[in-house]
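Topology and contacts: notes
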Amino acid sequence: MSLKKITAKRYFVLLMLALGFIFTINVAKLFGLRLAYAELDKQSNSHLNHLVFYIESTLGRFEKIPKVLAKHPLLQQVLTSPKQSDSAEKLNLLLEEIGSVTQASDIYLIDKSGVTLAASNWQSERTFIGMDFSFRPYFTQAMQGSLARYYAVGLSSNKRGYYFAYPVKKHTEVIGVIAVKISIDEIENQHKESVGENDYNFLIVAPDDVVFISDQAQWRLKTIGEVDANKTARLNSSPRYSGREIKNLAVENVQSSYLPQGISGSLYNIEGAEEQQLVFAQQKQMLDVGWRVHLWTSLSTIEQQKSFLTIISASGYLLILFLVLFSKERMRNAKNQRNARLLLEQKVKERTADLTASNALLSAEIEQRKQTQAQLNETQEELIQSAKLAVIGNMSASINHEINQPLTALRSYSQNALSYQERGQDDKTRHNLQLIITLVDRLSKIVSQFKNFSKKSMGIAAQVCLQDCIDAAISLIKHQAQSESVQLQLQLPEEKIFILGDDIRLEQVLVNLFNNAMQAMANEDNKQLTINVYRENDMAIITIKDNGPGILAGNLDKIFEPFFTTKERIGLGLGLSISQRIIESMEGKMVVENHEKGGAEFKIMLPTYNPSNSK
Ligand code: ADP
């Protein structure tokens with residue numbers, strides 16, 4: 001894939017992740033906020049019911065006061081005889097007392113012309129006594145014989161009040177009106193005290209759309225909703241509001257997809273003097289008085305919920321993303337590991353196959369080497385045998401002489417024996433026959449020595465006595481030495497020295513060395529062959545010294561090499577190399593040096609063998 005494509009793919013994945021992120025947050029917010037709004041709706045509804053109940057019960061409490069008071073005889077008395085000042089004073093005191101007990105703002109008695117005759121605020125500077133309330137609708141309604149309810153801004157106090165008025169009758173005739181005024185401020189303050197701190201505000205809107213009661217001072221005596229200029233002018237000039245300017249509180253209904261269906265509340269945007277404010281609004285009609293009660297709850301919990309949902313959904317999305325990436329990474333690792341394992345197994349298989357093949361090759365090679373070794377051993381045996389035969393060949397002249405001499409003697413002894421026997425000289429015949437027997441014994445001894453020497457060795461290590469071996473070797477060359485006038489000087493220790501090896505082969509080595517020495521001394525006048533045997537620690541030493549010309553300095557290293565010879569025609573050059581191998585096969589060593597007084601000296605060193613220590 002090209003670099004451009006990879007980059008484009010990366011951007012696409014990033015875009016998808018970002019869209020997924022935004023989508024997740026929005027979906028979480030939608031569902032979360034719908035739940036939150038449903039809960040808020042429930043709570044607001046409960047607060048609203050509580051508020052309506054509170055207002056109704058508060059008003060209901062005062063509604064009974066004029067009804068009960070209307071029956072009081074003092075009222076009729078004052079109304080029928082207004083000039084009797086003591087009755088009016090009594091009534092003033094009574095109304096004052098009832099007012100303070102019931103916490104009504106003012107209680108006052110109006111005659112049928114609309115003038116106040118007695119009042120609970122009789123002592124106040126702004127006392128109602130003497131004031132004409134005939135313009136108040138509650139007065140005219142009560143004068144018609146029924147309970148009147150009314151709200152208005154007080155004329156003298158300039159405060160909002162709620163009025164209950166009831167007719168005072170004499171028989172069936174309405175002779176006056178007893179009125180009770182309740183301070184709206186009081187109701188608002190008492191409500192505030194009863195509910196304490198909360199996150200909602202309320203407005204009680206009169207049928208003329210004017211907010212008459214509210215816990216927020218800035219909303220009081222304002223119209224809400226669409227109000228045209230005519231109506232505003234009417235309200236401003238209405239005696240109900242005592243000339244107070246009635247402004248408008250702009251409220252706008254806001255649509256939101258977060259609001260779930262089936263809830264009673266809605267969102268209002270309040271464009272107050274200071275700043276815009278979004279609230280959750282609910283309203284309820286108070287049937288008795290015709291008021292609409294609005295409860296506007298702050299959206300602080302919703303805002304909190306919004307932040308919470310954003311954090312939670314973002315964290316959830318990132319967590320899921322992380323888990324997805326993590327599991328993907330793990331799966332990729334597992335796949336890589338599986339592939340690596342398979343590759344390794346494959347390699348191991350291949351390597352094993354290679355090893356098996358090379359093992360087979362090695363085995364074949366070993367087998368071949370064994371065969372070659374066996375052939376080599378055989379060849380070596382043949383060589384040893386050839387070397388032996390060569391020695392015997394070298395000695396053939398002396399052997400010939402050795403055998404011919406007794407044979408010649410045998411012949412003459414035999415003839416002599418025949419002559420003596422013909423002559424009847426039995427004693428001499430017997431003597432000659434005994435001589436013949438001795439000669440035959442000697443011959444057989446000579447032959448058996450060579451037979452022994454020439455037979456093939458079995459190559460098995462055994463205990464060998466050095467002295468015996470040297471004796472046997474000397475007996476083979478003795479006759480030759482005699483015939484060549486070689487003086488043998490033998491220095492053997494009395495104590496027998498044993499080594500572990502092959503006696504026939506050791507004999508072959510010795511005969512070979514003796515022969516070489518005799519050949520080297522061929523042209524010497526005084527031929528001396530000195531054989532010395534001794535023990536040095538655990539080693540047995542044999543030295544063979546001659547007084548020939550010695551070995552040429554340049555040849556000292558070469559004489560043990562196979563086929564090295566200075567003896568043209570007669571030499572094979574194998575004697576010393578085979579001898580050295582034979583000695584090494586017995587864990588020994590063979591060296592040579594030229595003696596300072598002339599001649600060569602060969603030295604054989606072999607580990608001694610103590611038969612009593614062996615098992
Ligand atoms: P060959 O006797 O058939 O030559 P060897 O291996 O026995 O083979 O000897 C190798 C050579 O070592 C001889 O040719 C000779 O030159 C030298 N040599 C061996 N022994 C002696 C000796 N005692 N004195 C001088 N030279 C010797």
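Residues numbered from 1 in each chain as written. Predicted model: local features only at pLDDT ≥ 70, side-chain atom pairs only at ≥ 80, totals over all residues. Heavy atoms only, no water.

**Digging into the layout of surface pockets**
The computed volume of the largest pocket comes to approximately 890 Å³. Lining the largest pocket are 32 residues, with N516, Q519, T565, T566 and K567 sitting closest to its centre. At the level of elements, α7 (300-394), α11 (503-520), α12 (575-585) and β19 (600-607) are the ones that each hand at least two residues to the lining of the largest pocket. Top element by residues in the lining of the largest pocket is α11. It accounts for six residues. Here the residues of the lining of the largest pocket are counted per class, giving 17 nonpolar, 13 polar and two charged. (1 Å grid on protein atoms, 1.4 Å probe; cavity = no way out; pocket = protein on both sides within 12 Å on 5 of 7 lines; lining within 4 Å. Points joined across faces, edges and corners; volume = space filled by probe spheres on them. Helix = DSSP H or I, 4+ residues; strand = E, 2+ residues; numbered from the N terminus. Nonpolar A, V, L, I, M, F, W, Y, C, P; charged D, E, K, R; others polar.)

**Some remarks on the pattern of salt bridges**
If you walk through the whole model with that rule in mind, you get 15 salt bridges. Salt-bridge contacts for E173 lead to K112; the nearest nitrogen and oxygen are separated by 3.3 Å. With E173 in strand β5 (residues 173-183) and K112 in the loop between β1 (106-111) and β2 (116-119), the pair connects residues that are 61 residues apart, well separated along the chain. Look at E173 and you get partly exposed, because its relative accessible area is 42%. K496 serves as the salt-bridge partner of D468, at 3.2 Å between the closest nitrogen and oxygen. You can see D468 sitting in helix α10 (residues 466-483) and its partner K496 sitting in the loop between β14 (486-491) and β15 (498-501), a full 28 residues away along the chain. Residues joined by salt bridges that share partners form a network here, namely R160, D185, E188 and R220. (Salt bridge = Lys/Arg side-chain N within 4 Å of Asp/Glu carboxyl O. Buried < 20%, exposed > 50% of the residue type's maximum accessible area, 1.4 Å probe, protein only.)

**Quick look at the sheet that holds β5**
Read from one edge to the other, the open sheet built from five strands follows the order β2-β1-β5-β4-β3, with strand pairing classed as antiparallel. Each of the sheet's edge strands pairs with one partner strand only, and the pair in question is β2 and β3 (148-153). Across the sheet, the axes of successive neighbouring strands diverge by a mean angle of 25 degrees, strand direction being ignored. Of the strand pairs in this sheet, β1 and β5 are connected by six bridges, and their pairing is antiparallel. What sits directly across from I107, in β5, is V180. (Pairing = 2+ DSSP bridges. Axes fitted to C-alpha atoms, helices over the stretch in contact; angles between N-to-C directions.)

**Side note on the site of the ligand**
Lining the immediate environment of the ligand, one finds 19 residues, of which D546, T565, T566, K567 and L576 sit closest. A distance of 2.3 Å separates an oxygen atom of the ligand from a polar atom in the side chain of T566. Protein chains bury 91% of the 530 Å² of accessible surface belonging to the ligand in isolation. Taking a 2 Å distance to the grid points as the criterion, the majority of the atoms of the ligand fall inside the largest pocket. Of all the elements, α11 adds the most residues to the shell around the ligand, at three residues. Classifying every residue of the shell around the ligand gives 10 nonpolar, seven polar and two charged. (Near = heavy atom within 4 Å. Polar contact = N/O pair within 3.5 Å; in protein donor to acceptor, adjacent residues only side chain to side chain. Areas by Shrake-Rupley, 256 points an atom, 1.4 Å probe, with all protein chains shown as cover. Sits in = over half its atoms within 2 Å of the grid points.)

**Brief notes about the sheet that holds strand β17 (residues 539-545)**
As summarised here, the arrangement of the five strands in space is β14-β16-β17-β19-β18, forming an open sheet in which the pairing is mixed. Among the strands making up the open sheet, the edge pair consists of β14 and β18 (589-594). Pairwise comparison of adjacent strand axes, ignoring direction, gives a mean angle of 15 degrees for this sheet. Relative to β19, β17 runs antiparallel, the two being bridged by seven bridges. Within β19, the position partnered with I544 by the bridge is F602. Its contacts with the sheet place α11 against β14, β16 (527-536), β17, β18 and β19, and it is angled at close to 170 degrees to β19. Strands in contact with α12 are β18 and β19; relative to β18, the strand with the most contacts, it is inclined by about 135 degrees. (Contact = heavy atoms within 4.5 Å.)

**What about helix α2 (residues 73-80)?**
Those residues of α2 that fall on the buried side of the exposure criterion are L74, L75, V78 and L79. Projected down its long axis, α2 shows its buried positions confined to an angular sector of 130 degrees, all on one face. Tucked inside the fold, the buried residues of α2 contact α1 (3-69), α3 (85-102), β1, β2, β4 (160-170) and β5. (Arc of directions from axis to C-beta.)

**Let's talk about the pairing of strand β10 (residues 266-271)**
Along β10, five of the six residues are buried, which leaves the element largely enclosed by surrounding structure. Pairing geometry for strand β9 (residues 247-254) and β10, over five bridges, is antiparallel. Within β10, the residue paired with V254 across the bridge is L267.

**Digging into unusual backbone geometry**
A positive phi is found at Q103, a non-glycine position, where the angle reads about 65 degrees. Within the secondary structure, Q103 sits in the loop between α3 and β1. Positive phi, normally seen in glycine, also occurs at N537, with a value near 55 degrees. Of note, N537 is situated in the loop between β16 and β17.

**Here's the deal with the nonpolar core**
Counting 48 residues, the largest nonpolar core has L59, L109, Y162, I178, Y241 and W291 as its most contacted members. With nine residues, α1 is the single largest residue contributor to this core. If sequence neighbours within four positions are ignored, L59 has contacts with Y162, F164, I182, I187, M286, V289 and W291. Counting 44 residues, the second largest nonpolar core, distinct from the first, contains V486, I497, F514 and A600. (Core = buried A, V, L, I, M, F, W, Y, C linked by side-chain atoms within 4.5 Å.)

**A closer look at the environment of L321**
By secondary structure assignment, the location of L321 is in helix α7. Judged by relative accessible area, which is 22%, L321 ranks as partly exposed. Residues L321 and F21, spaced 300 residues apart in sequence, show a C-alpha to C-alpha distance of 9.6 Å.

**Some words on the packing of α1 against α3**
Two elements in contact, α1 and α3, have axes whose closest approach is 12 Å; the angle formed by their N-to-C orientations is 160 degrees. It follows that α1 is roughly antiparallel to α3 by the angle criterion. Handedness of the crossing formed by α1 with α3: right-handed. Contact residues: R61, F62, I65 and L69 in α1; L94, L95, I98 and T102 in α3. (Parallel < 35°, antiparallel > 145°, perpendicular 65-115°, else oblique. Left-handed = near helix turned anticlockwise from the far one by under 90°.)

**As for a nonpolar patch on the surface**
A surface patch of nonpolar side chains, about 790 Å² in accessible area, is lined by Y11, F12, V13, L14, L15, M16, L17 and L19. If you trace the backbone, V13 turns up in helix α1. (Patch = residues over 30% accessible without salt bridge, like charges linked within 9 Å, V, L, I, M, F, W, Y side chains within 5 Å.)

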